[in-house]
Amino acid sequence: MLNRLISNDYPRSRVLAVLLVAILLALAFTPFIVPGVKALNVAAKILVFIVLVASFDLLLGYTGIVSFAHTMFFGIGAYGIAIASTRMGPGWSAILAGLAVALALSFVLALAVGLFSLRVRAIFFSMITLAVAAAFQTLASQLSEITGGEDGLTFKMPELLSPGFQLSESPFLGVSLDGRLISYYLLFFTTLVLLLAMLRIVNSPFGRVLQAIRENEFRAEAIGYRVVLYRTTSSILSALFATVAGAMLAIWLRYNGPDTSLSFEIMLDVLLIVVIGGMGTIYGAAIGSGVFVVAQSYLQDLLGLGSDATSGLPWLSALLSPDRWLLWLGLLFVLSVYYFPTGVVGRLRAMGARG
Amino acid sequence: MNKIDFDWKPLALVPVLALLVLPFIGSGSTWVTLTVAGLAMGMIIFIIASGLTLVFGLMDVLNFGHGVFIALGAFVATSVLGAMGDYTASASLWRNMMAVLPAMVVAMLVAGAVGVAFERFIVRPVYGNHLKQILITMGGMIIGEELIKVIWGPLQIPLPLPEGMRGSIFLGDAGVEKYRVIAVVVGLLVFGILLWVLTRTKIGLLIRAGVQDREMVESLGYRIKVLFVGVFVVGSALAGLGGVMWGLYQQSVIPQMGAQVNILIFIVLIIGGLGSTTGALIGALLVGLMANYTGFLVPKAALFSNIALMMAILLWRPQGVYALSR
């Protein structure tokens, strides 16, 4: 049963298995373990990032191509929900319609970009996606009649998912069963299903071909696989998963604007998480997102303490300022590309294989 | 290359584009203003892009962190020009030049020096691996941008043009900003020097030979690695120079400007063909003109028009207008 569920892709390391189960349990019971709005928000953000990062890993880690337009698809998903909910009023039909249109748009865009750039060489794809993503972001903030411009859109969710909704009067295990909780579990199970689906994809014969292309494009072509076709399919799949992640974000925040879903900072975050968590391992996305989002939400305070403690040395203090945490992450990123390109997960697996 | 073999079609694109939009703009004087502005912007972009395209052609390394040198150059210029208030406030163009020239030289030196470190620690360990190159130069970009924020602060800093470079010159009815003329002159100067070095000196000969066949040059006993470090450093210094000019063009600098300009540069390289210097010039001029024309005609579509231009060029020549033959 478990074998089928995780597509025969076991963690292959005791530490990794423990970590994954810990993350799974922590996310499953967050509302009951840690009370408070902030904890729940952090947990929801982790869920969204797990899907987003895993979908990016499909492209970067398994197919070996770098796209900088991943947040574009993320944004399309979020805007799909946002625009549909604003226009059609809150309701399940708005969510479904928004998601459907967003998925269709992502499909067409991913296909177009893929056909244009993947034919030539992989490095073209990176450059073109960078340019297209920037243009799309400008477009989204300029079409203010539709997208709300820089201010973004605030909208309502269907009754069941809105914070005012109460499932029962009496709290269960000290937690009130409101719409917020239901939204959280909607996100949780969506993430679980999508993650297992992605595991299925990368461990299928199709996923093996992708890895073959990553390792040696020429040889894969020589064996008879049509590289362009596989790469384009992979980039479309990854775009579709990212779109769903964006829809999840919009459902949770009940708001969307260019900075929340389209900004280049998110793109960089995703890149950092994939590499530090482990390229070519879907599990790395889960661990990386968990660690990253928690660090982003809580560790910055720690850096702030360090900055205050060193206020006698202005230079050191400026370096340790919580606003500069991307600097340290960037260093960690460069070091991990050099010294452990398979990331945390790859390291743990290597240790497991030896021990 | 033989004169007869020379592929002139891409060169014709620039005047063709300029003439095609003339009827849409209507007024001739506006057209002159826009065209000069576009050429100025194109020349600045070319200065920045030339180093990147040479590095790619020579060593097959695409530096996604090139933008850092642009921002670095611009920020160094704010410091240098800020310290030379006497000279920038003067209305005499020559006294202004006394301030801007050192600012350019210092920016080039700093960007070049950082380029040495960047090549040594960021690029050198990942030769021959495109995926890692993209990742690691992007990482270098993040680190560089954050360090700029540490040194100069995260906010936008104004970089006003020196007094004597403000205002416009009138050619008939058409007003042309003085600085744009200066930008075109500096750009042509850089292009001229680059062309001279590439076609008339031994080093240029080696660089061109290296672009065509690196192994052959190596087997003839030349140390192409050293050559490459040199090209990388010069490319970084040129990006620094371009950063100063871009900063003065925008009259303000922000740490994120590197990433923003990088996008334009990539569009230019894709249009021009990765590795080709002439291609980069044509791409830069096309992008500069396109940005100014659409900025006037349909302001909302400014960045989009460049993407459209790129797509159109790729439909015509999938490898860019001047593709390297490999």
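Being a predicted model, the structure only gives us computed values, none of them experimental.

## Topic: the overall build of chain B
In step 1: When you go through chain B residue by residue, the secondary structure sums to 13 helices and four strands.
In step 2: Its C-alpha atoms give chain B a radius of gyration of 20 Å, within 12% of the compact-globule value 20 Å for 326 residues.
In step 3: C-alpha extents for chain B along the principal axes are approximately 60 × 45 × 35 Å.
In step 4: Intrachain contacts of chain B at a sequence separation of at least 6 include 78% that bridge at least 24 residues.

## Topic: the overall build of chain A
In step 1: Looking only at helices and strands, chain A features 17 helices and two strands.
In step 2: Overall size of chain A, expressed as C-alpha extent along the three principal axes, is 65 × 50 × 50 Å.
In step 3: Looking at chain A residue by residue over its 355 residues, the buried ones come to 46%.
In step 4: Put simply, of all contacts in chain A between residues at least 6 apart along the chain, 74% involve residues at least 24 apart.

## Quick look at the pairing of strand β3 (residues 174-177) of chain B
Residues and elements named next belong to chain B.
In step 1: Here strand β2 (residues 168-171) runs beside β3; their pairing, made up of four bridges, is antiparallel. Counterpart to F170 in the pairing with β3 is G175.
In step 2: As consecutive antiparallel partners, β2 and β3 are separated by two residues, and within that stretch G172 has a phi angle of approximately 65 degrees, a positive value.

## A closer look at unusual backbone geometry
In step 1: The backbone of R254 of chain A shows a phi angle near 55 degrees, a positive value even though the residue is not glycine.
In step 2: Along the polypeptide, R254 of chain A turns up in the loop between α11 (227-253) and β2 (255-256).
In step 3: Backbone geometry at Q251 of chain B places phi at a positive 60 degrees, although glycine is not the residue there.
In step 4: Assignment of secondary structure puts Q251 of chain B in the loop between α10 (224-250) and β4 (252-253).
In step 5: Using a count of 12 C-beta atoms within 10 Å as the deciding quantity, one classes Q251 of chain B as exposed.

## Some details on the confidence of the model for chain B
Residues and elements named next belong to chain B.
In step 1: Looking at chain B as a whole, the pLDDT averages 85, with 98% of positions reaching at least 70.
In step 2: No element of chain B has a lower mean pLDDT than helix α4 (residues 85-89), which averages 71, and none a higher one than helix α3 (residues 66-83), which averages 91.
In step 3: On the interface metric, ipTM, the complex scores 0.82, and its pTM is 0.87.

## A few points about the interface of chain B and chain A
In step 1: Listed by partner, the interface residues are 32 residues for chain B and 35 residues for chain A.
In step 2: Breaking the side of chain B that touches chain A down by element, the ones donating at least two residues are α6 (130-152), α11 (257-272) and α13 (302-316) of chain B.
In step 3: For the side of chain B that touches chain A, the element with the highest residue contribution is α6 of chain B, accounting for 15 residues.
In step 4: Residues belonging to the side of chain B that touches chain A are distributed by class as follows: 24 nonpolar, four polar and four charged.

## With respect to the environment of Q133 of chain B
In step 1: Inspection of the secondary structure puts Q133 of chain B in helix α6.
In step 2: Spatially, the C-alpha atom of Q133 of chain B lies 7.3 Å from that of N63 of chain B, the residues being 70 residues apart in sequence.

## Let's talk about helix α1 (residues 9-25) of chain B
Residue and element names in this part refer to chain B.
In step 1: Over its 17 residues, α1 extends 25 Å from the first C-alpha to the last, a length consistent with the 24 Å expected when each residue adds 1.5 Å.
In step 2: Along α1, the sharpest kink reaches roughly 30 degrees, centred on P15.
In step 3: Within the span of α1, buried status applies to P10, V14 and V21.
In step 4: If you follow the buried residues of α1, they end up packed against α12 (277-297).
In step 5: Looking at the residues trailing α1, positive phi occurs at G26, about 90 degrees.

## Describing the environment of S204 of chain A
All names here are of chain A.
In step 1: Inspection of the secondary structure puts S204 in the loop between α8 (179-202) and α9 (205-215).
In step 2: The exposed category is assigned to S204, around which 12 C-beta atoms lie within 10 Å.
In step 3: The spatial distance from the C-alpha of S204 to the C-alpha of V275 is 23 Å, given a sequence separation of 71 residues.

## Considering the packing of helix α3 (residues 37-63) of chain A against α11 of chain A
All names here are of chain A.
In step 1: Interaxial distance between α3 and α11 falls to 9 Å at its minimum, and their mutual angle equals 170 degrees. As the angle between them shows, α3 and α11 are arranged roughly antiparallel. Of the residues in α11, those in contact with A44, V48, V51, L52, S55, F56, L58, L59 and T63 of α3 are R231, S234, S235, L237, S238, F241, A242, V244, A245, M248, L249 and W252.
In step 2: For the contact of α3 with α11, the per-class residue count stands at 15 nonpolar, five polar and one charged.

## Overview of the confidence of the model for chain A
In step 1: The predicted model of chain A has a mean per-residue pLDDT of 86, with 96% of residues at 70 or higher.
In step 2: Mean pLDDT across the elements of chain A ranges from a minimum in helix α15 (residues 314-319) of chain A, with 72, to a maximum in α11 of chain A, with 94.

Reading guide: rules and limits
- Residues numbered from 1 in each chain as written.
- Chains lettered and ligands numbered in written order.
- Predicted model: local features only at pLDDT ≥ 70, side-chain atom pairs only at ≥ 80, totals over all residues.
- Helix = DSSP H or I, 4+ residues; strand = E, 2+ residues; numbered from the N terminus.
- Rg over C-alpha atoms; globule rule 2.2 N^0.38 Å.
- Contact = placed C-beta atoms within 7 Å.
- Buried ≥ 20, exposed ≤ 12 C-beta atoms within 10 Å, placed from the backbone.
- Pairing = 2+ DSSP bridges.
- pLDDT = per-residue confidence, 0-100.
- Nonpolar A, V, L, I, M, F, W, Y, C, P; charged D, E, K, R; others polar.
- Expected span 1.5 Å × (residues − 1).
- Bend = angle between axes of the 7 residues up to and from the residue.
- Axes fitted to C-alpha atoms, helices over the stretch in contact; angles between N-to-C directions.
- Parallel < 35°, antiparallel > 145°, perpendicular 65-115°, else oblique.

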